[in-house]
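Understanding the architecture of this molecule
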Amino acid sequence: MKRDVVVIGGGFAGMFAAAKAALEGASTILIEQSHETISWFEQSSGSELLTNNSQRLRVQSKITKGAEFMETPLKLFSPNKLLIQLEGIGIPVKIIGEEFVYPMDKCSVAAEKFRAWLAHCGVQTIVDAEVTAISRKDGTITGVTFVQHEKTTAVECSAVILATGGGNRGFDLLRETDHVINPIAASQVPLVIENSPLEKITGTTLPDARLYLWADGKKKADARGVVKLIPGGIDGGAVLDLSTSVLENSEACTLSIDLLPGVDEGAFDKDLTTMISEKGTATILELLATFIPKKVADIILEHADIPNRTTGATLTGKQRKALRGSIFRMDLNLTGPFPIEQAASIAGGCDLAAINPDTMESYVAPGLFLAGDVLDIATRWGGYSIQCAISTGRCAGQVAAATAKGIA
Ligand SMILES: Cc1cc2nc3c(=O)[nH]c(=O)nc-3n(C[C@H](O)[C@H](O)[C@H](O)COP(=O)(O)OP(=O)(O)OC[C@H]3O[C@@H](n4cnc5c(N)ncnc54)[C@H](O)[C@@H]3O)c2cc1C
């Protein structure tokens with residue numbers, strides 16, 4: 001078999017790399033070891049961010065490792081260009097808080113549209129096929145070997161794009177082509193909370209909360225957004241965002257949660273005074289339920305040690321202070337991150353020194369291009385990971401096609 005470009009891995013990086021290479025006129029195959037391309041995305045519950053609706057410089061500021069490296073790929077294919085592309089593919093999006101871009105459809109529906117688009121661009125996709133070797137002659141790429149249903153096939157080509165994500169098999173292929181792999185570590189991960197005061201409402205999603213990370217009484221970081229109360233800990237956008245700081249901090253840190261981040265503490269106190277003067281016989285639980293879901297209000301009262309039949313009129317000054325403390329700074333006993341297997345994003349991967357940041361081509365193995373999570377790039381939470389995967393994929397696809405056609 002002979003092709004211009006072979007793409008290894010059918011995640012977002014591989015898909016966008018293959019589509020671009022094919023659109024540039026290169027005969028392109030994409031080889032994916034699972035049953036389908038972007039299978040993790042297809043199976044997701046629907047809360048996956050496709051990108052972040054921000055300017056390039058802001059996106060770069062959210063890249064915690066490899067920000068400089070990402071300059072050219074983000075210039076070539078910015079979030080704005082991705083939004084236009086998504087519209088072209090027929091994937092409607094919703095933008096929450098003016099920045100977080102989610103697919104409007106279920107992820108399974110969006111995944112089908114991505115696949116149809118890939119075929120439309122002229123990419124031949126081979127699934128259930130694992131690439132087991134990359135061949136070289138005098139250091140330069142000459143092809144790949146893949147195994148599908150126990151049958152081994154060799155493909156000759158002059159450009160290979162490796163987009164195998166953070167999995168070990170891709171790193172093995174890279175080591176075999178003389179690349180250095182930096183140690184893998186989690187960069188966005190749920191957090192373990194012991195004896196959580198919120199334990200009774202595990203399974204609840206708090207759509208808007210703010211988390212604070214403290215060290216020595218000083219604020220180290222904070223993050224606002226969704227907090228999911230999961231068995232043994234917390235997950236969700238705000239948690240994944242804050243987890244980057246938790247993982248970076250070597251000193252002992254404590255965590256607290258603000259359950260009413262949109263409300264100023266002083267304004268809350270004033271509103272409470274007004275409500276008590278107007279409805280002094282109402283229970284404090286009833287009054288609190290005007291600010292916050294009742295099951296969360298229940299927990300707040302329990303945490304503040306206030307019997308929930310207490311009326312507004314009988315609430316003491318001490319109880320009122322405890323109430324504010326439980327709402328705006330409820331301490332959570334953070335014991336660490338969940339294991340790396342549960343990470344939403346990893347750091348580590350192919351050392352960037354070996355890769356040309358303008359082309360994604362390896363200096364060590366000419367004709368080999370890298371894209372996506374296989375590169376040692378790490379980001380904050382917010383849709384930046386997929387954007388980086390897609391931007392590096394587009395860049396690699398464009399240059400790989402030109403290389404294969406001898407016009408680079
Ligand atoms: C649960 C979860 C939720 C996430 N949510 C978000 C989010 O909301 N927003 C965001 O920006 N990021 C999110 N991420 C991170 C995001 O998924 C990654 O940054 C992105 O998928 C990286 O794309 P990629 O193409 O580089 O790698 P991957 O998506 O990992 O794709 C690599 C592909 O290569 C294939 N492969 C590997 N080795 C071989 C081989 N030898 N032969 C053939 N095929 C091979 C794999 O099967 C895989 O399909 C999430 C991650 C997880 C785990």
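Scroll up to find the structure this text is about.
Here goes a summary of the coordinates provided. (Residues numbered from 1 in each chain as written. Predicted model: local features only at pLDDT ≥ 70, side-chain atom pairs only at ≥ 80, totals over all residues.)

In this section: the site of the ligand. For the ligand, the set of nearby residues contains 30 residues, the closest of which are G9, G11, G165, G372 and S385. Among the secondary structure elements, those contributing two or more residues to the shell around the ligand are α1 (12-23), β8 (129-137), α7 (168-176) and α13 (384-404). Of the residues forming the shell around the ligand, the biggest block, 4 residues, is contributed by α13. Residue classes in the shell around the ligand are distributed as 11 nonpolar, 14 polar and 5 charged. (Near = placed C-beta within 6 Å. Helix = DSSP H or I, 4+ residues; strand = E, 2+ residues; numbered from the N terminus. Nonpolar A, V, L, I, M, F, W, Y, C, P; charged D, E, K, R; others polar.)

A word on the pairing of strand β11 (residues 159-162). Moving residue by residue along a regular strand, the side chains alternate between the two faces of the sheet. Alternating positions in β11 separate into two faces, A159 and I161 on one and V160 and L162 on the other, with burial throughout. Bridge count between strand β1 (residues 5-8) and β11: 4 bridges; the pairing is parallel. When the sheet's bridge partners are listed, I8 is paired in β11 with L162. Taken together, the 3 bridges between β11 and strand β20 (residues 368-370) define a ladder with parallel strand orientation. Bridge pairing in β20 places V160 opposite L368. (Buried ≥ 20, exposed ≤ 12 C-beta atoms within 10 Å, placed from the backbone. Pairing = 2+ DSSP bridges.)

The subject of this paragraph is the sheet that holds β8. Reading across the sheet, the 3 strands line up as β8-β9-β10 and stay open at both edges, with antiparallel pairing between neighbours. Looking along the sheet, the strands with just one partner apiece sit at the ends: β8 and β10 (151-156). Each strand axis lies, on average, 25 degrees off the axis of its neighbour in the sheet, ignoring direction. The pairing of β8 with strand β9 (residues 140-148) spans 8 bridges and is classified as antiparallel. The residue bridging S135 from the neighbouring strand is G143, located in β9. (Axes fitted to C-alpha atoms, helices over the stretch in contact; angles between N-to-C directions.)

Counting residues in each nonpolar core, the largest one holds 122 residues, and the members touching the most others are V5, V160, I161 and L211. The dominant element in this core, judged by the number of residues it contributes, is α13, at 11 residues. Here this core spans two domains, and each of domain 1 (5-185 + 347-404) and domain 2 (190-337) adds at least three residues to it. (Core = buried A, V, L, I, M, F, W, Y, C linked by C-beta atoms within 7 Å. Domains from an automatic or database assignment.)

A separate point is the environment of Y212. One can find Y212 in strand β14 (residues 205-215). Setting aside residues no more than four positions away along its own chain, Y212 makes contact with K219, D222 and S256. (Contact = placed C-beta atoms within 7 Å.)

Before going further, it helps to examine the packing of α1 against helix α6 (residues 107-120). In contact at an axis separation of 9 Å, α1 and α6 are set at 30 degrees when each is read in the N-to-C sense. With respect to each other, α1 and α6 are oriented roughly parallel. Every pair of crossing elements has a handedness; the one defined by α1 and α6 is left-handed. Residues M15, A18 and A19 of α1 form the contact with α6, whose own contacting residues are F114, W117 and L118. A class-by-class count of the residues in the contact of α1 with α6 yields 6 nonpolar, no polar and no charged. (Parallel < 35°, antiparallel > 145°, perpendicular 65-115°, else oblique. Left-handed = near helix turned anticlockwise from the far one by under 90°.)

This part takes up the sheet that holds β11. As summarised here, the arrangement of the 5 strands in space is β7-β2-β1-β11-β20, forming an open sheet in which the pairing is parallel. The sheet terminates laterally at β7 (124-126) and β20, the two strands that pair on one side only. On average, each strand axis in the sheet is inclined to that of its neighbour by 20 degrees, with strand direction left out of account. Two strands pair when backbone bridges link them, and strand β2 (residues 28-31) and β7 are joined in this way by 3 bridges, in the parallel orientation. Paired with L30 across the two strands is T125, which belongs to β7.

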